[in-house]
Amino acid sequence: MKSISLLGATGSIGIQTLDVIEAHPEHFVLTALSFGKNVDKGIEIIRKFKPALVAVSSKEDAVKLRTLFGNEVSFVYGQEGLIEVALHPSVDVVVNAVMGSVGLHPTLQAIAAGKQIALANKETLVTAGHLVMEAARAHNVAVLPVDSEHSAIFQCLNGERSEDVERLILTASGGSFREYTRPQLEGVTVEQALNHPNWSMGAKITIDSATMMNKGLEVIEAHWLFQMPYEKIDVVLHKESIIHSMVEYVDGSTIAHLGNPDMRVPIQYALTYPDRLHIPRAKKLNLWEYGQLHFAKMDYDRFTCLKLAYEAGKRGGTMTTVLNAANEAAVQLFLEGKISFLAIEAFIEKALETHDLIERPSLEEITKVDEETRRYVQSLLS
């Protein structure tokens, strides 16, 4: 029986993690969780799973929930509360499914406490990959990927030697605007951007998919997870999302991971590794139902955010912190209707151009750069 702490329980990944836990009560128990503003959904989850500890965003919500649940559950709040959930003494695995760089501190603390990490939060590695992976090695802690692309690569690498890898190949659906030319992107709406053709995800990650920043963050994440230089990480457009990613080896062999789009598969594998369990109601992959799979070479001029991510990753240091913070801030402005879709990449590029690189930043320096970048992006509105 594995005891699970789930950060971000009401988000898309969080809900599907709960599906996995519920499907296998003999293998998993949900001991602690966190959620943000979706209090109604959080209450529903608490009643169903009966965790011992819950973290919420605000003190007001914590007080309200204490009144509702009494002594049945302990409630904490804010960043300290999130860390407390990650550090619960009986927890074996911390599933980091929060959105944004808020997941960094709890992950580092959980690693230091010897907790296994199931990582769905790209921003943790993008913002401070060197710190996270150094800590994981120092404490002998496994950081297992939950993203479908990284889980696919992880599985394609099983049993192979890293020196035999020629390149990692991440697949990209292309997002909501994959058929659009750059002129057609002028004036696209938030509603259009949120209409992803293959996946049901939260608003921020769906916008990232439309700009292709999501894939850029995944490239940086793959660099850290698999200790692979950027020159050996490629991206290919694959609109069906059936091949989740591939690994090419020096002898010309390419191993691909295939499956219907279902995030429960990589979530469950991160919880059960190296074992596998049946997933109830999972749709089997019948390739004849698709007939054809389509691929296209990546156009980095069309998808500017992906190009910016590669450039920031290769420069390293705080450049990836700026990339992530600027993107989060710009995407929020787009969702609020304050900037256009194409302004997202323009704001990110300006933030990168004005930043003075710190090559080996400390956690304090990363936090400061993150805050400064968000303020800078806000200032561009005026």
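Residues numbered from 1 in each chain as written. Predicted model: local features only at pLDDT ≥ 70, side-chain atom pairs only at ≥ 80, totals over all residues. Heavy atoms only, no water.

Where an unreviewed UniProt entry is consulted, the protein chain appears under the name 1-deoxy-D-xylulose 5-phosphate reductoisomerase, with the organism given as Fictibacillus macauensis ZFHKF-1. According to its UniProt record, the protein chain has this under Catalytic activity (unreviewed entry): "2-C-methyl-D-erythritol 4-phosphate + NADP(+) = 1-deoxy-D-xylulose 5-phosphate + NADPH + H(+)". Under the Function (unreviewed entry) heading, UniProt states for the protein chain: "Catalyzes the NADPH-dependent rearrangement and reduction of 1-deoxy-D-xylulose-5-phosphate (DXP) to 2-C-methyl-D-erythritol 4-phosphate (MEP)." (UniProt positions renumbered as here; feature names shortened; annotations may be inferred.)

Trainee: Teacher, can you tell me more about the pairing of strand β6 (residues 116-119) here?
Mentor: Across four bridges, strand β5 (residues 93-96) lies against β6 in parallel orientation. By the bridge assignment for β6, Val-93 is matched with Gln-116. At this point the chain moves from β5, through helix α5 (residues 104-112), to the parallel β6, and the crossover so formed is right-handed. Relative to strand β7 (residues 143-145), β6 runs parallel, the two being bridged by three bridges. If you follow Ala-118 over to β7, its bridge partner there is Leu-144. Where the polypeptide runs from β6 across helix α6 (residues 122-138) and back to β7, its parallel neighbour, the crossover connection is right-handed. (Pairing = 2+ DSSP bridges. Helix = DSSP H or I, 4+ residues; strand = E, 2+ residues; numbered from the N terminus. Right-handed = clockwise from strand over helix to strand, strands pointing away.)

Trainee: Where do I start with the packing of helix α10 (residues 213-225) against helix α12 (residues 304-315) in this structure?
Mentor: To describe two helices that pack against each other, one gives the angle between their axes and the distance between the axes. One way to put it is that α10 packs onto α12 with a least axis distance of 7 Å and a crossing angle of 20 degrees. Of the possible angle classes, the one that applies to α10 and α12 is roughly parallel. The way α10 lies across α12 gives a crossing that is right-handed. Facing Met-213, Lys-215, Gly-216, Val-219 and Ile-220 of α10, the residues of α12 in contact are Cys-305, Leu-306, Ala-309, Tyr-310 and Gly-313. Residues that form the contact of α10 with α12 fall into these classes: seven nonpolar, two polar and one charged. (Axes fitted to C-alpha atoms, helices over the stretch in contact; angles between N-to-C directions. Parallel < 35°, antiparallel > 145°, perpendicular 65-115°, else oblique. Left-handed = near helix turned anticlockwise from the far one by under 90°. Contact = heavy atoms within 4.5 Å. Nonpolar A, V, L, I, M, F, W, Y, C, P; charged D, E, K, R; others polar.)

Trainee: How do you make sense of the packing of aromatic side chains when you look at a structure like this?
Mentor: Geometry of an aromatic ring pair is reported as the spacing of the ring centres plus the angle between the planes. Inspection of every chain in the model, using the stated rule, returns eight aromatic pairs. Considering the side-chain rings of Phe-69 and Phe-75, the 5.9 Å spacing of their centres and the 40 degrees angle between planes classify their relative orientation as tilted. For the pair formed by Phe-69 and Phe-75, the shared burial category is buried. Between Phe-177 and Phe-341, the aromatic rings sit 5.1 Å apart at their centres with planes inclined by 80 degrees, giving edge-to-face as the arrangement. (Phe/Tyr/Trp six-rings, centres within 6.5 Å; stacked < 30°, edge-to-face > 60°. Buried < 20%, exposed > 50% of the residue type's maximum accessible area, 1.4 Å probe, protein only.)

Trainee: Is there a simple way to think about the UniProt feature "domain: 1-deoxy-D-xylulose 5-phosphate reductoisomerase N-terminal" (unreviewed entry) in the protein chain in this case?
Mentor: In the numbering used here, UniProt assigns the "domain: 1-deoxy-D-xylulose 5-phosphate reductoisomerase N-terminal" (unreviewed entry) feature to residues 4-129. Annotated as residues 4-129, this span is 48% helix and 21% strand, and its ends, taken at the C-alpha atoms, are 23 Å apart.

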